[in-house]
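What follows is each chain in one-letter form.
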Amino acid sequence: MATGQTLRELEAKNEEQYDKILKETHLTDHPSAFDNALKQFDRAAKLLKLAPNQVAVIKEPRRVTEVKLPVRMDDGSIEVFTGYRVQHNVALGPAKGGVRFHPDVDVEEVKALAFWMTYKCAVVGIPMGGGKGGVVVDPRKLSQGELERLARRYFAEMIDLFGPDKDIPAPDVNTNPQIMAWFMDTYSMHHQEFLPAVVTGKPIELGGSAGRAAATAQGMVYCVHRTVEHLGMDLSKLTVAVQGFGNAGSYAAKLLHQDGCTIQAISDIDGAFFSEQGIDPEMAIAHVKENGTLKDFEKVAKVEKMRDPMKLLELPVDLLIPAALENQVTEANAPRVQAKIIAECANGPLTPEADDILEKKKTFIIPDILCNAGGVTVSYLEWVQNRMGYYWSEERIQEDLKRIMDNAFQNVLETSLHNKVPMRTAAFIFSIQRVCHASELRGLYA
Ligand code: GLU
């Protein structure tokens, strides 16, 4: 590969200098998601023997923005929320990545999520960089009107950062097509033009793409198909546990159930539910539609409510799908994880220490930046359609998504086998080379 050649030419001459940089960057006693992300980066960068200059340019975020968002609440009071947007790297194209609404959002988390977007886009080869946003809020406590005012204020407060060629948000944890519609409307009204390409994951009626809603889970399913082939397993005999029942988790359960897998456990904020014979995901989806969460699911379905929802991660299933938040499998519980395959629908669900423990156990991990890249892939297809003003069929989208995911999986698997490194390090080796090469070709502006 051409990028490899460039990298070899630019190999670090001074390993010591590089080690010094590693030590100086963000190593604390209580690692944040960003610390963990940097550790993942370092493992690959060290094998690539990147020069300190190269590391300096592509490792840290390029722009971190924090805003205060005053919002009028329904009772007439004003509440001030905190919002972030991080643009990690824009060497390959405009920043791309979701906006998360969650009470635990902080700047380190958003930096990590933006970092993962940079390398996620590069793994699947879409011409975009990495960005991410977040608002510190529990949206379940807001009325629909309050949520709309918060969403619009968030977008308006940073309107100059966003743009179809600058930075393109999308849904993430607790955000959805309706919120994307408000973002798009705020931007379009401001510019007095219809500008749907500023946001992806929109409702179909407003320029959203066919297939976008299921895309994150669908991309994961393609990776699972390839993994099962590689390991010589039988897809229809897999038992599965899914942590998280938002967009990614619920579609993951549904699509794998359609493939004949047995979904033995699912969970969300209100608990984890188990059935050895298998859970019907359609029933769970209908329950959530009616009640907002999986609360009381054990009263309507033949399932057992688990006493400790975290134990879902330790069930003796073939396939574990973390589809919730970061840092779920750590050095504390990794020794008890029994799954043969872990497919990371969430971003950052495993810490580097957990990776090490699971590697020794020969767990096959499909890393987040590959496994959940289906979402941003169809986001990219949505952006292309918006810019053409011509819309493709569901079949066309599925065809492209499958081709892109299969190709990315193959590239990462080959890198893993060739370098004898785990899939995560392979995914970083592959994607860092792309970002690094683009960055070097562009050079410095001044
Ligand atoms: N939030 C999703 C992710 O973490 C999708 C991002 C996008 O479509 O831009 O990959």
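Undergrad: Honestly, the packing of aromatic side chains in this entry has me stumped. Any pointers?
TA: The description of two aromatic rings rests on the distance between their centres and on the angle between their planes. In this structure the tally under the stated criterion is 13 aromatic pairs. Ring plane angle 85° and centroid distance 5.8 Å describe the contact between Phe273 and Phe297, whose orientation is recorded as edge-to-face. Taken together, the residues span a long stretch of sequence, with Phe273 in strand E9 (residues 271–274) and Phe297 in helix H11 (residues 297–300) at a distance of 24 residues. No difference in accessibility class separates Phe273 from Phe297, as the two residues are buried. In this structure an aromatic cluster arises from ring pairing among Phe34, Phe41, Phe115, Tyr119 and Phe428. Geometry around Trp392 places Arg396 over its ring, the cationic atom sitting 4.0 Å from the centre.

Undergrad: Help me out: how do you make sense of the site of the ligand in this one?
TA: For the ligand, the set of nearby residues contains 14 residues, the closest of which are Lys96, Lys120, Pro171, Asp172 and Ser379. Residue Pro171 places a main-chain N or O atom 2.9 Å away from a nitrogen atom belonging to the ligand. The side chain of Asn347 places a nitrogen or oxygen atom 3.1 Å from an oxygen atom of the ligand. Burial of the ligand by the surrounding chains reaches 95%, relative to a free accessible area of 290 Å². Looking at the shell around the ligand, the elements with two or more residues in it are helix H5 (107–124) and helix H14 (374–388). In terms of residues, the shell around the ligand owes the most to one element, H14, which gives 3 residues. Among the residues forming the shell around the ligand, the class breakdown is 4 nonpolar, 5 polar and 5 charged.

Undergrad: What should I look at first to understand the sheet that holds strand E11 (residues 319–322) in this one?
TA: Adjacent strands of a sheet form backbone hydrogen bonds with each other and so pair up, either parallel or antiparallel. Strand order in the open sheet made by the 7 strands is E10-E9-E8-E7-E11-E12-E13, with mixed pairing throughout. Each of the sheet's edge strands pairs with one partner strand only, and the pair in question is strand E10 (304–305) and strand E13 (364–366). Of the strand pairs in this sheet, strand E8 (residues 262–268) and E9 are connected by 4 bridges, and their pairing is antiparallel. Bridged to Ser267 within E9 is Ala272.

Thresholds, definitions, all that
Residues numbered from 1 in each chain as written. Predicted model: local features only at pLDDT ≥ 70, side-chain atom pairs only at ≥ 80, totals over all residues. Heavy atoms only, no water. Phe/Tyr/Trp six-rings, centres within 6.5 Å; stacked < 30°, edge-to-face > 60°. Helix = DSSP H or I, 4+ residues; strand = E, 2+ residues; numbered from the N terminus. Buried < 20%, exposed > 50% of the residue type's maximum accessible area, 1.4 Å probe, protein only. Lys NZ or Arg CZ within 6 Å of the ring centre and 35° of its normal. Near = heavy atom within 4 Å. Polar contact = N/O pair within 3.5 Å; in protein donor to acceptor, adjacent residues only side chain to side chain. Areas by Shrake-Rupley, 256 points an atom, 1.4 Å probe, with all protein chains shown as cover. Nonpolar A, V, L, I, M, F, W, Y, C, P; charged D, E, K, R; others polar. Pairing = 2+ DSSP bridges.

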